[in-house]
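# Geometric and topological summary
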Amino acid sequence: MPFPPPVIPPQAIVDTHHGVEVRDAYRRLENVADPEVEAWARGQADHSAAVLAAIPGRDLLRKRIDEIAASASPVIGTMQRLSDGRVVYFKQPADADVARICMRDEAGGERVLLDPTELPRPEGGGHLAASFFRVSPDCQKLLYGVAASGSEEEVLHVRDIATGRDLPVARDRIESVYVKPSWLPDGRSFTSSRRRPLEPGAAADSAYRFTQAFLHVLDDEGRILRDSFVFGHGAPGCPAMG
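A brief look at the structure comes next.

Basis of the calculations
Residues numbered from 1 in each chain as written. Predicted model: local features only at pLDDT ≥ 70, side-chain atom pairs only at ≥ 80, totals over all residues. Heavy atoms only, no water. Helix = DSSP H or I, 4+ residues; strand = E, 2+ residues; numbered from the N terminus. Rg over C-alpha atoms; globule rule 2.2 N^0.38 Å. Contact = heavy atoms within 4.5 Å. Areas by Shrake-Rupley, 256 points an atom, 1.4 Å probe, with all protein chains shown as cover. Lys, Arg positive; Asp, Glu negative; His and termini not counted. Charge placed at Lys NZ, Arg CZ, Asp CG, Glu CD. Phe/Tyr/Trp six-rings, centres within 6.5 Å; stacked < 30°, edge-to-face > 60°. Buried < 20%, exposed > 50% of the residue type's maximum accessible area, 1.4 Å probe, protein only. Lys NZ or Arg CZ within 6 Å of the ring centre and 35° of its normal. Core = buried A, V, L, I, M, F, W, Y, C linked by side-chain atoms within 4.5 Å. Pairing = 2+ DSSP bridges. Axes fitted to C-alpha atoms, helices over the stretch in contact; angles between N-to-C directions.

### Quick look at the overall build of the chain
- Of the regular secondary structure elements, the chain holds 2 helices and 14 strands.
- Relative to a compact globule of 242 residues, whose C-alpha radius of gyration would be 18 Å, the chain shows 24 Å and is clearly more extended.
- Viewed in the frame of its principal axes, the chain has a C-alpha envelope of about 65 × 55 × 30 Å.
- For the chain, the proportion of contacts with a sequence separation of at least 24, taken over those separated by at least 6, is 32%.
- Total accessible area on the chain stands at roughly 15300 Å², and carbon and sulfur atoms take up 54% of it.
- Measuring between centres, the 29 positive side-chain charges of the chain sit 3 Å from its 35 negative side-chain charges.

Right under this line is the structure:
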């Protein structure tokens, strides 16, 4: 072993749940802003890298694994067949970190509608991944969402399929896990489920309560003409939710 792994001293943190004290000696590791925790994590990473690098034949094994992985077929998922016969789907090649949104015509020709790696990187670095898509009934617009670095902070966009350009539409706090945004038959209106804005000082998980349903209407230029809060706690005509 090149060097021993770093050790961080335990520090008892006590939480009380329903009158019962729960002690956790390593709860402090959740505070990644703590310089001591950060140094411990980096030391663990360096130790692991050194141990793995010392394994005999590791480089040859890794090279062979990479060769096998590169020869694998792409992963296809979430297909939508359009009214004009084209098909839109997620496609992730073996050598890609994230999936692209692609479209295939009836003759078999394929076109990439969205490659998340070509989008501007989020602040602070990291990557973007496409989380959902929906094509409008008139087959002209692509409704899609992206999230940064594996987070659940999804942002909704609308792209003109013919030009490949995004329309001036962006809505954050999108919740697509349970209810994905959907087009209405007119092709210029769509619904979305959005988390509430987080109030100053509020617990982080409070944003997941009282999710709100919105109706968005585009004008002829592809801009948002109207955002309407149509269902949820506080929406006009909706019963109180507790």
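### Observations concerning the packing of aromatic side chains
- Counting across every chain of the model gives 3 aromatic pairs.
- Look at Phe-90 and Phe-133: their rings are 5.1 Å apart centre to centre, the planes differ by 80°, and that puts the pair in the edge-to-face class. Taken together, the positions of Phe-90 in strand β4 (residues 87–92) and Phe-133 in strand β7 (residues 128–135) put the pair 43 residues apart, joining distant regions of the chain.
- According to the relative accessible area criterion, Phe-90 is buried, its value standing at 11%.
- Relative to Phe-229, the ring of Phe-214 has its centre 5.3 Å away and its plane inclined at 25°; by these criteria the two rings are stacked. Taken together, the residues Phe-214 in strand β13 (residues 212–218) and Phe-229 in strand β14 (residues 224–231) connect sequence positions 15 residues apart.
- When the ring centre of Phe-214 is taken as origin, the NZ or CZ atom of Arg-194, which lies over that ring, is 5.4 Å away.

### A few points about the nonpolar core
- Counting residues in hydrophobic clusters, the biggest one holds 18 residues, and the most contacted among them are Val-88, Ile-101, Leu-113, Phe-133, Leu-142 and Tyr-144.
- Within the residue set of this core, elements represented by two or more residues are β4, β5 (100–104), β6 (110–114), β7 and β8 (141–148).
- Ignoring any residue separated from it by four or fewer positions in sequence, one finds Phe-133 in contact with Thr-78, Gln-80, Val-88, Tyr-89, Phe-90, Ile-101, Leu-142, Leu-143 and Tyr-144.
- Counting residues in each nonpolar core, the second largest holds 10 residues, with Phe-132, Leu-143, Val-158 and Trp-183 among its members.

### A short note on the sheet that holds strand β3 (residues 75–81)
- Within the open sheet, the 4 strands sit side by side as β3-β4-β5-β6. Their pairing is antiparallel. The outermost strands of the open sheet, each flanked by one partner alone, are β3 and β6. Strand after strand, the sheet turns through a mean of 30° between neighbouring axes, direction not considered.
- Here 5 bridges tie β3 to β4, and the two strands are oriented antiparallel to one another. The residue bridging Ile-76 from the neighbouring strand is Lys-91, located in β4.

### Some remarks on unusual backbone geometry
- Positive phi outside glycine occurs at His-18, with the angle close to 55°.
- His-18 sits in the exposed class, given a relative accessible area of 85%.

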